[in-house]
Amino acid sequence: MNWLIVKNDFKRNKAINLALLLFMMFSAGLAVLSVIMGVQTFTSISNLYEKAQPPHFLQMHKGEINLEEIDAFMSEQDGVTYWQTVTMINVHGESLTTAGNNDQFNLSDLRIDIGLVKQNETRDLLVNAKHEKVILGEGELGMPVLLRERYDMEMGDPIILTYNDVQREFVIKEFILDSQMNSPMVSSTRILLNDQDFDMLAEEAGEKEYLIESYFANTNEASNFQTAYENAELPQNGQAVTYAMIFLLSAITDITIVFVLLLVSLLLIMVSFICVKFTIMAALEEDLSEIGTMKAIGLPFEDIRGIYINKYRALALVGVILGYTVALLSSGVFTNHISTTFGDMSMSPLTVILSILVACFTFLLMNLYCKRVLKKINKVTVVDALVTGKGFGKEEDFIKDGLYQSKKLSVNWLMAIREVFYRFKNWIIVFSVVLIAVLMTLVPINLMNTFESPEFITYMGSSLEDILIEVQDGENLESNYERVIEVLESDAGVEGYYEYRRVRVQTMNADNDLMNLHIDSGEHSGNELQYLSGAAPGADNEIAISYLNANEIDKEVGERMVLFYGNEEMEFVISGIYQDVTSGGYTAKSKYDFPELDSEKYSFSVNLQDNTQVEKKADEWSESMGPGANVDPMEEFINQTLGGVVIQLKTIVAAIVIIGVCLVMLITVLFLKLRLAKDLSEIAILKALGFSELDIKKQYMIKIGSVSLIGIIAGIILTRLLGERIVNLVLMISGLGIREVELIANPLVQYILVPLLLLASILSVTWIVLRIIKRYHIISIINE
């Protein structure tokens, strides 16, 4: 019996039921999709790491190396289970030319280092998309997927290497997955060669760089091992990276996308509750007399509620199943970057199980919420339903004010404004949904703007200048430093520059053990960075430390810390705690020069008099300074470092904007269906009093428009208040070295384009729905 009534109701309210079904499908589908992406990201990385075996600790080194000393040290370390030293031949982008798609070009615009390597035996393997060890023949090479995405390369494309009067032609045989250098946030990438080709080039082309790799029974030992390794004065002219940081940098793009999808799905589930409530209320308002009749003949509340709950259970069940199916079918589009970066793999059993659990949980939430809303049936009396027609809303007192006497506003505006002003709660659904849609849209847009902004460099441990120069070249460090100084001093186009040198000292961590601390010293060191607390060092006895170092040392601003170097020790006051993602997030800044210590590297941040010449000047300096210095335009450096994240975010943001627009249009339709059903007699009376259909439409347009505008303004304010907190919570959990980010908004997008798009969409669909008003007449109401 109940199911027969449900069937008839489906036929009677096709539009509302279809809209609700689609919305439930949307909510469940996005929730499932975010889970699929999250689980697949971590599963894919884990599978790749299991096959490729990346190092637990990696020390890069340029310069001479003594393998016997390294082997002796490694053999004495109890926690080390395996180690190897990998040789890399460094070449520059301009040395590699490709003729893919009949368009010949070189890689001179690539700002990350390129290393030629041969395949390892068992650890740190370079693998194909199926996670198989890549074996190449002579004249063949394996190109990293990182470069394929950037330069649109294909299998079989020729690659010409020209270096030191040596020219060799290769063919791309395979695109390789590199478990430790597969992210643009890593400063290097590797190209795989055949063993014979590599041995020949090692004698003729490029400069050598070494990857000193260590493995442990427990990856958490990497940090303590790093301290012991550095204190042993072993080769360390280069970046040191631990397993945890390799994992995080590899997954940063997909983690960001998962976070955005999860945020959107949670907001959509909130909106779905609102949608369900008002759809149920619309049905109950239409069925008010039937509900009164059922109560009058003695049907208990549970039976009446059962008629409706069966309908919404069926809608929720079908919606969740459809959403789950659509999420599975479309997951390939959203997980394409995961497959490209970490290899092809089928959906894991864990992904399937968790996605089913999320779908079931979504259905359960919908079911419980429907039951809660349907309790309103218990509150309406037979008299309310059949005699007074009061329905499910409360009677409102007569409002007496002087607004109706206004001569500046037309009658339509007066009636609409009074309705919104005094009965705003009747329109709270539109306000709430528009607010959530604005929040859902603007937070991802602002996150994307932040990653694109040059100011993001201040979260990477550097100040914002035109050009960044780094000198890090072992035995030639000082001579390369002098060459950079000579070029900068003699160039009339330089407005000014700041110089920093990195040194290594020791201090005590929270467990009272010695730990190494890498300090960038210089007169301008620490200025213009993003500080969580405190400020840049102002005196020689002050030091600023990174957020991760502050956690490791367990000290706050104003506290003192002792630094040990050589046979000296010196007490410093912590002036500030800043955010940094470079060097694993463990850095420090000081104005004191530490003259007793040798430099690990030098860096320069340069401002030009004409900042339109940045690219040209960087290329010119790269040529004159030679291979011992890396010269990067600051904006290009940021674009290449975070470009992968931004590209993925743009795709997701476009989808979210479409979802947001569809969301407000759908809710507007559902709400107006409810509102018009409830206002049927009022509309008919207005017509009888002489108001035209156009007048009534204008009133509803003003009501919807003004409430939507208030929702948009509230959404923008909430985005400013909560957007950063939501993003910062995720950053703090990630351990990336950043705890607080100030989201950068594009005023044109945030205050004009998004509000206009939403408002135009709402008003357009409102005008379409209001066509039903022509059917409302006083005669039809009297006949009923």
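Quick summary incoming for the structure in this document. (Residues numbered from 1 in each chain as written. Predicted model: local features only at pLDDT ≥ 70, side-chain atom pairs only at ≥ 80, totals over all residues. Heavy atoms only, no water.)

### A few points about the pairing of strand β7 (residues 140-144)
Which entries qualify depends on this criterion: Partly exposed describes any residue whose relative accessible area lies between the buried limit of under 20% and the exposed limit of over 50%, with all areas from a 1.4 Å probe on protein chains only and scaled to the type maximum. Helix numbers and strand numbers start at the N terminus; a helix is a DSSP run of H or I with at least 4 residues, a strand a run of E with at least 2. One requirement defines pairing of two strands: DSSP has to find at least two bridges between them.
The element β7 is largely enclosed, with a buried count of four among its five residues. Pairing analysis gives five bridges linking β7 to strand β9 (residues 166-178), with the strands arranged parallel. Residue pairing across strands places Pro144 opposite Ile176, the latter belonging to β9. The sheet contact formed by β7 and strand β10 (residues 188-193) spans two bridges and is antiparallel. If you follow Leu141 over to β10, its bridge partner there is Leu193.

### What to know about the pattern of salt bridges
Any two side chains of opposite charge can pair if their charged atoms end up close together. Heads up, the condition is: In what follows, salt bridge is the name for a side-chain nitrogen of Lys or Arg lying within 4 Å of a carboxyl oxygen of Asp or Glu.
Under the criterion given, the structure shown has twelve salt bridges. For Arg190, the salt bridge is made with Asp124, and the minimal N-O distance between the two is 2.9 Å. Highlighted residues: Arg190 in strand β10 and Asp124 in the loop between β5 (113-118) and β6 (126-127), separated in sequence by 66 residues. Asp124 carries the same exposure label as Arg190, and that label is buried. Arg504 is the partner of Glu600 in a salt bridge, and the nearest nitrogen-oxygen pair spans 3.3 Å. Residue Glu600 is found in the loop between β20 (588-590) and β21 (601-608), and its partner Arg504 is found in strand β14 (residues 494-508); the two are separated by 96 residues along the sequence. Taken as a pair, Glu600 and Arg504 share a single burial class, namely buried. The network of salt bridges with shared partners includes Asp124, Asp178 and Arg190.

### With respect to helix α20 (residues 680-688)
As a reminder of what qualifies: By definition, the arc is the one covered by directions from the helix axis to the C-beta atoms.
Those residues of α20 that sit buried are Ile683, Ala684, Leu686 and Lys687. When α20 is viewed along its axis, its buried side chains cluster within an angular range of 160° and face the same direction. Backbone geometry just after α20 places Gly690 at a positive phi near 110°.

### Some thoughts on unusual backbone geometry
Even without being a glycine, Glu233 presents a positive backbone phi close to 60°. Along the chain, Glu233 turns up in the loop between α6 (222-231) and β12 (240-242). Phi is positive for Asp554, which is not a glycine, with a value near 60°. You can see Asp554 is positioned in the loop between α17 (547-553) and β18 (560-565).

### Some remarks on the nonpolar core
Formally: We define a nonpolar core as any set of buried Ala, Val, Leu, Ile, Met, Phe, Trp, Tyr and Cys residues linked to one another through side-chain atoms lying within 4.5 Å. Any pair of residues with heavy atoms lying within 4.5 Å of one another is described as a contacting pair.
One finds Met143, Tyr308 and Tyr700 to be the most contacted residues of the largest nonpolar core, which totals 149 residues. The dominant element in this core, judged by the number of residues it contributes, is helix α7 (residues 243-286), at 22 residues. Dropping the residues within four chain positions of it, Met143 is found in contact with Met153, Ile159, Ile172, Glu174, Phe175, Ile176 and Ile191.

### Some details on the pairing of strand β11 (residues 207-216)
The element β11 is extensively covered by neighbouring structure, given that eight of its ten residues are classed as buried. Sheet topology places strand β1 (residues 57-62) next to β11; six bridges connect them, and they run antiparallel. Looking at β11, one finds that Phe57 is bridged to Ser214. Across ten bridges, the pairing between strand β2 (residues 80-91) and β11 is antiparallel. When the bridges of β11 are listed, Met88 appears paired with Glu209.

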